[in-house]
Amino acid sequence: MKSLIAGNWKMNGLTGSASEVEALIGKFSGALPEDRDILICPPATLVATFASSFSDEGVIIGGQDCHTNESGAHTGDVSAAMLADAGAAYVIVGHSERRADHGESDALVKAKAEAALAAGLTPIICVGETKEQREAGKALDVVGAQLRGSLPQTEDEMTIAYEPVWAIGTGLTPTIADIAEVHDFVRGMTGKDVRILYGGSVKPGNAGEILAVENVNGALVGGASLKAEDFYGIISAAPGNV
Ligand code: PEP
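*Asks:* I'm lost on the sheet that holds strand E2 (residues 36-41) in this one. Help?
*Replies:* In sheet architecture, strand pairing relies on hydrogen bonds along the backbone and comes in two forms, parallel and antiparallel. An order of E1-E2-E3-E4-E5-E6-E7-E8 is seen for the 8 strands of this closed barrel, with the pairing classed as parallel. In this sheet, adjacent strand axes meet at a mean angle of 25° when their direction is disregarded. Note that strand E1 (residues 3-8) and strand E8 (residues 218-221) share 4 bridges and pair parallel. In the strand pairing of E8, Ala6 is matched with Leu220. In the packing of helix H8 (residues 176-190) onto the sheet, the strands contacted are strand E6 (159-162) and strand E7 (195-199), and the crossing angle to E7 comes to about 150°.

Structure below.
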C-alpha cells in the first residue's frame, strides 16, 4: 500500500494560507511523488477552495470532523455529505481534541465513521491513550477498547490513526518499540489492508525513524503540517510503498 502523510491543520488557516500549500507543491518541483498519498485537512471553511485549487495537483483534501446525520437542524455542524460535496476525500473522526473538548464517545465516533463511509469519504479514526493510562500499563487495553467501540463493521476502506494523547503537540513521542507494539496490536485487530498512521509530535527530524516501523503506514501530523518546509521534510522522509 502507499503510505499516507496527512496534515491536520486544526483551527488554523485563512484563505491566505493557500500559499503554504503552493509552497509545498513547489518544493516537489510541481510533481508530487506518486508512491505516497499527501492529504491536507484544513478547517471546514477552506475545504472547498483547497479542493478546487489543489486536488488536480495531487494533494488530497479532507475534513477534520463530521456530523452523524446527512443534513438537518444541527446548527454549526458540517455533514460528511457536505465535505464530499466540497471536494473532500477523507475526514478525521474521533480526534482526541474532539473526544476531550466535545465529550465524543466511541459510539459517536463509530456513527461519524459510518456517516463518512456513506458519503463516500474515507474516515481516519483516531485512537490513543493518555499519559496516565500509558504509565499504568493500559495503553493496549485502551486502544483495543477504542477500536472495538469506534470501528464500523464493514469491509469499506478506512484508516486508523494511533495518536497517544500525551504526544500531541507536546514534542514527546513514544519509543520506537512502543510505537511498534501498538501498531502491531492495531494490525492484529484490523487486518492487512487498513492503513495505520502514527500521530503525535511527528517532525522532519523523527519522521524517518517512525515511518520506517513495520505497520506504520504513514503519519497524521498537526503542528508541523502548517509549514511547507516541515511538512515537506516529513513527506520526504516517508517510505513510499509500505
Ligand atoms: C494531531 O493533532 O493529530 C497531531 C498529531 O498534532 P501534532 O503533530 O502537533 O502533535
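What follows continues from the structure just given.
*Asks:* What should I look at first to understand unusual backbone geometry in this one?
*Replies:* What is expected of a backbone is that most residues other than glycine have negative phi and most peptide bonds are trans. Within the chain, Lys10 stands out as a residue other than glycine whose phi angle is a positive 50°. Structurally, the position occupied by Lys10 is in the loop between E1 and helix H1 (18-27).

*Asks:* Explain the packing of aromatic side chains to me, please; I cannot follow it from the model alone.
*Replies:* The description of two aromatic rings rests on the distance between their centres and on the angle between their planes. A complete count under the given rule lists 4 aromatic pairs for this structure. Relative to Tyr232, the ring of Phe28 lies with its centre 4.8 Å away and its plane at 65°, an arrangement referred to as edge-to-face. Separated by 204 residues along the polypeptide, Phe28 in the loop between H1 and E2 and Tyr232 in helix H10 (residues 228-237) bring together distant segments of the chain. Assessed through its relative accessible area of 27%, Tyr232 is described here as partly exposed.

*Asks:* Just to check I follow, could you spell out the site of the ligand for this structure?
*Replies:* Looking at the ligand, there are 14 residues lining it, with Lys10, Glu163, Gly169, Ser201 and Gly222 nearest. In the environment of the ligand, an oxygen atom lies 3.4 Å from a nitrogen or oxygen atom belonging to the side chain of Asn8. Counted by class, the shell around the ligand contains 4 nonpolar, 8 polar and 2 charged residues.

*Asks:* Is there a simple way to think about the pattern of salt bridges in this case?
*Replies:* Using the criterion set out here, one finds 14 salt bridges in the structure. Residue Glu97 is joined to Lys10 by a salt bridge in which the shortest nitrogen-to-oxygen separation is 2.7 Å. One end of the pair, Glu97, is in helix H4 (residues 96-101); the other, Lys10, is in the loop between E1 and H1, and 87 residues separate them in sequence. Assessed through its relative accessible area of 29%, Glu97 is described here as partly exposed. Residue Arg98 pairs with Asp65 through a salt bridge whose shortest N-O separation is 3.3 Å. With Arg98 in helix H4 and Asp65 in the loop between strand E3 (60-63) and helix H3 (80-86), this residue pair connects regions lying 33 residues apart in the sequence. With relative accessibility at 23%, the residue Arg98 sits in the partly exposed group.

Calculation rules
Every chain is numbered on its own, with residues counted from 1 as its sequence reads. pLDDT decides what is reported in this predicted model: residues at 70 or higher carry local features, side-chain atom pairs at 80 or more are listed and counted, and totals for whole chains, interfaces and linings draw on all residues regardless. Each side-chain value is worked out from all heavy atoms of the structure, with water and hydrogens disregarded. Strand pairing follows a simple DSSP-based rule, namely that at least 2 bridges must link the two strands. A run of H or I in DSSP counts as a helix once it spans at least four residues, and a run of E counts as a strand once it spans at least two, with each numbered from the N terminus. All axes are obtained by fitting lines to C-alpha atoms, using only the stretch in contact for helices, and the reported angles, taken between N-to-C directions, cover 0 to 180 degrees. In this analysis, two residues are considered to be in contact whenever any of their non-hydrogen atoms come within 4.5 Å of each other. Pairing of aromatic side chains here covers Phe, Tyr and the six-membered ring of Trp, requires ring centres within 6.5 Å, and sorts the geometry by plane angle: under 30 degrees stacked, over 60 edge-to-face, intermediate tilted. Classification of residues uses two cut-offs on accessible area relative to the type maximum, computed with a 1.4 Å probe and protein chains only: under 20% is buried, over 50% is exposed, and between them is partly exposed. We call a residue near a molecule or strand whenever a single non-hydrogen atom of that residue lies within 4 Å of it. The definition of a polar contact used here is a pair of N or O atoms within 3.5 Å, where within protein one atom must be able to donate a hydrogen and the other to accept one, and adjacent residues in sequence count solely through side-chain atom pairs. Each residue gets one of three labels, nonpolar for Ala, Val, Leu, Ile, Met, Phe, Trp, Tyr, Cys and Pro, charged for Asp, Glu, Lys and Arg, and polar for the others, Gly among them. When a carboxyl oxygen of Asp or Glu is within 4 Å of a side-chain nitrogen of Lys or Arg, the pair counts as a salt bridge.

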